[in-house]
Amino acid sequence: MTVAPGPRATWREAAVSAVRHRPWPLCRHCCGVALGMGSARTRAWIAGRGLILDVPTVTFPGTGAVYPIQRGAIIDTAGTARMLERLLGHRLPRFTRPLVVVTAPVLDGVAYRVRARTAVEVLRPRSVLTVPGARAVALGAGADLSRPLLVVDIGAHLTEVVLLADGAVVDARRTALGTSDLDTASAADISEAVAAMVTAMLRQDRTSLTLDALHRGALLAGGGALRPEITYRLTGRLHAPLRAVPAPHTAAVRGAATLLHSAHTHPSTAPRTPRDHPPN
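Because the structure is a prediction, the values reported are computed rather than measured. Position numbers for residues count from 1 along each chain, tracking the sequence in the order it is written. Local features in this predicted model are restricted to residues whose pLDDT is 70 or higher, and side-chain atom pairs enter the listing and the counts only when it is 80 or higher, whereas totals over whole chains, interfaces and linings include all residues. The side-chain values count all of the structure's non-hydrogen atoms but skip hydrogen atoms and water molecules.

Draft legend 1. Just the overall build of the chain, in detail. Numbering of helices and strands runs from the N terminus; a helix is a DSSP stretch of H or I covering at least four residues, while a strand is a stretch of E covering at least two. Within the chain one finds 8 helices and 12 strands. In the chain, which comprises 280 residues, the proportion classed as buried is 48%. In the chain, the proportion of contacts linking residues at least 24 apart, taken out of those at least 6 apart, comes to 68%. For the chain, the exposed area adds up to about 13,400 Å²; of that, 55% sits on carbon and sulfur atoms. Buried means the residue's accessible area, taken with a 1.4 Å probe over protein chains only, is under 20% of the maximum for its type, while exposed means over 50%, and partly exposed covers the values in between. Contact definition: two residues touch when any of their heavy atoms are within 4.5 Å. Here the open area of atoms and residues is found with the Shrake-Rupley method and a 1.4 Å probe, where only the protein chains shown may cover a residue.

Written out as C-alpha cells, the structure reads:
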C-alpha cells in the first residue's frame, strides 16, 4: 500500500528554528503540548517542561482496563479523551488553551487524525496540528531532510517503512507486527517484513529516491531499535547501513516538540490583539 506524493515542503527550517528558540514559558499564550499516542505507550511533552509522560496507553472506565488505541488505530475516541483528561488535565496551566501537535501513523492517517482531534478537544486546544510519525522521527533525530530518507519505525504493535523526500512522504508501507508480537513471532519475522516492504518500494520506484535513501542508510526508530536481535538481523537483511536514532522510543514526540516550537513563532498561531482586527 502506498501514499501518493505529498507537497515538497521543506521542514529543515523547523528544526533550525527549534534550536534557536528557548523553551516556552508557561504563560497564557505560550502553552503547548506535543503528543505521541501509540498502541502501547502515550508520551507527552509540555513546552517549558520537556517530556513529562511516558505511560501505558490505557484507560479505566470502571469495568477494568481498556486499550483505546490498537495497531495504530484509535478504536475508542471517548476512551482516548478520558485518558488525556486523566493524564494532562491537571498538568496544564489553568485558563490556557494550548497549541497541540499530535504524531499520526502515515497510513490510515486521515481516520487517526480525525479521531485524535476529537479526543484532544478535552484539553480545550486553541489549535491542533498533526504530523506524520516518520517526519516527526526525522525531526527528532535532527536528520538532514534535503536528501531522500528512509525511516523504519518499529513500534510495539505496528511497523512502518516510509520514504521521505524534502520532508514529504512519497511512499509508505506498514505491517501489523511489532515488538509486542515477539512471543509469537521472531526477530527474523519482523526483519523479513521490513525487508519485503523496502524491496516493494525499490521495485515500484521509477526514480532513484528509494535507492539513494537506502545507500545513505535507513533511520531506525521505535522500541524495535532497542532490540539488538532485530537490529542485527535487519542490518544483514537490508545489506545497507542502519542508523538507530538517539532514544528511538521517544524520537517521534521529540520531533513533534520541535514543530511545536516552530509553530509558536508562526504568525498564524499568534494570539490576536485588537490591532489585528480591521477597522470598522
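Draft legend 2. Layout of the pattern of salt bridges. We count a salt bridge whenever a side-chain nitrogen from Lys or Arg sits within 4 Å of a carboxyl oxygen from Asp or Glu. Enumeration according to the criterion identifies 6 salt bridges in this entry. The salt bridge involving arginine 173 is made with aspartate 171; its shortest N-O contact spans 3.2 Å. The shortest N-O distance in the salt bridge between arginine 237 and glutamate 192 comes to 2.8 Å. Of this pair, arginine 237 sits in helix 7 (residues 228-238) while glutamate 192 sits in helix 5 (residues 187-204), and the two are 45 residues apart along the sequence. Here arginine 237 falls in the partly exposed class, since its relative accessible area comes to 35%. Classification of glutamate 192 as partly exposed rests on a relative accessible area of 40%. Here the salt bridges do not stand alone but share partners, grouping Arg41, Arg43 and Asp54 into one network.

Draft legend 3. Up close: the pairing of strand 8 (residues 149-154). Judged by how many residues are buried, strand 8 sits mostly within the fold: 5 of 6 residues are covered. Pairing of strand 8 with strand 9 (residues 159-165), which is carried by 6 bridges, proceeds in the antiparallel orientation. The residue of strand 9 that forms the bridge with isoleucine 154 is threonine 159. Strands qualify as paired when DSSP identifies two bridges or more between them. Between strand 8 and the antiparallel strand that follows it, strand 9, lie 4 residues. One ladder, built from 3 bridges, connects strand 8 with strand 11 (residues 218-221); its direction is parallel. Residue pairing across strands places valine 151 opposite leucine 219, the latter belonging to strand 11.

Draft legend 4. Quick peek at the sheet that holds strand 11. Taken in spatial order, the 5 strands of this open sheet run 10-9-8-11-12, and their pairing is mixed. Each edge of the open sheet is held by one strand with a lone partner, namely strand 10 (168-175) and strand 12 (242-244). Put simply, the sheet's adjacent strands are angled 20° from each other on average, direction ignored. Pairing geometry for strand 9 and strand 10, over 7 bridges, is antiparallel. The partner of glutamate 160 across the bridge, within strand 10, is arginine 174. Here the axes come from fitting lines to C-alpha atoms, over the contacting stretch only for helices, and the angles between their N-to-C directions go from 0 to 180 degrees.

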